[in-house]
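Per-entry structural report
In case you want the letters, here they are:
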Amino acid sequence: MSASIESIPTSWQVTTLSEVLTVLRGVTYKKEDASNVTGEGRIPILRATNIQQGLVFNDLVYVARKYVAEDQLMRANDIVIAASSGSRSIVGKAAQLTVDWYGSFGAFCYGLRPKPGINPRFLNWFLQSTEYRNHVSELSAGVNINNLRARHIEETPIRIPPLPEQHRIVAEIEKQFTRLDAGVAALRRVQANLKRY
């Protein structure tokens, strides 16, 4: 997704992320109101440490339901993005919720909710691109702490193909990753065999 704007097909639209997603603020709570164990009336909260190659659901904190607004409850296809960290490599890191899950995300993150008319997985792949990562890294740079503001996300440029093309692009990317995963698994099998020999 690093082609210049001049070289994109005429059927593609040049716009900003604000046109294709809604930015949601994370849940705020006092440290003493959070627990490392679940309990009745408590909701799990994702933090920046839960954003890896995908979302990981260990090391969660739990807060009372009263702290979580209705629109902060996550939905399948929502994307969680790290908004504040001492490390520039973490700020802007994003992962998509691919299943139904009852939970939310903390104040040092944003939730990104895709709008109708865009393939949510296309949006997720854009947020993994070098172009996007470089863009937010520059915007979020601070002296001691790096902060990504909602407007930084909303004003980020994106090129959107027609929906059928979005589907084709996503299918091709995921096909290549499936091949890569199979290749890595085969290499590990060969390495294990070599050790045995």
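What counts and what doesn't
Residues numbered from 1 in each chain as written. Predicted model: local features only at pLDDT ≥ 70, side-chain atom pairs only at ≥ 80, totals over all residues. Heavy atoms only, no water. Phe/Tyr/Trp six-rings, centres within 6.5 Å; stacked < 30°, edge-to-face > 60°. Helix = DSSP H or I, 4+ residues; strand = E, 2+ residues; numbered from the N terminus. Buried < 20%, exposed > 50% of the residue type's maximum accessible area, 1.4 Å probe, protein only. Salt bridge = Lys/Arg side-chain N within 4 Å of Asp/Glu carboxyl O. Pairing = 2+ DSSP bridges.

**Structural notes on the packing of aromatic side chains**
Working definition: an aromatic ring pair is given by the centre-to-centre distance plus the angle between the planes. If you walk through the whole model with that rule in mind, you get two aromatic pairs. With centroids separated by 5.0 Å and ring planes inclined at 50 degrees, the aromatic side chains of F57 and W101 adopt a geometry described as tilted. Here F57 is found in the loop between β3 (42–46) and β4 (61–64), whereas its partner W101 is found in the loop between β7 (94–96) and β8 (104–105), with 44 residues between them in sequence. Taking the relative accessible area as the measure of exposure, F57 reaches 36% and is therefore partly exposed. Take W101: its relative accessible area is 19%, and that puts it in the buried class. When the ring of F126 is compared with that of Y132, the centres are 5.9 Å apart and the planes differ by 55 degrees; the resulting orientation is tilted. Residue classification places F126 among the buried positions, given a relative accessible area of 2%. Judged by relative accessible area, Y132 falls into the buried class, the value being 1%.

**Regarding the pattern of salt bridges**
Once the charged atoms of two side chains with opposite charge are near each other, the side chains can pair. By the definition in use, this model includes six salt bridges. Note that D78 is salt-bridged to R113, the shortest N-O span being 2.7 Å. On the criterion of sequence distance, the pair formed by D78 in the loop between β4 and β5 (79–82) and R113 in strand β9 (residues 109–114) is long-range, its members being 35 residues apart. A salt bridge links E165 to R168; its shortest N-O distance comes to 2.5 Å. Pair noted here: E165 and R168 are both in helix α4 (residues 163–196), with a separation of three residues, about one helical turn. The class of E165 is partly exposed, set by a relative accessible area of 25%.

**Regarding the sheet that holds β3**
Spatially, the three strands line up as an open sheet ordered β4-β3-β8, and their pairing is mixed. The sheet is open, and its two edges are formed by β4 and β8, each paired on a single side. Relative to β8, β3 runs parallel, the two sharing two bridges. Considered in β8, the bridge of I45 is made with S104.

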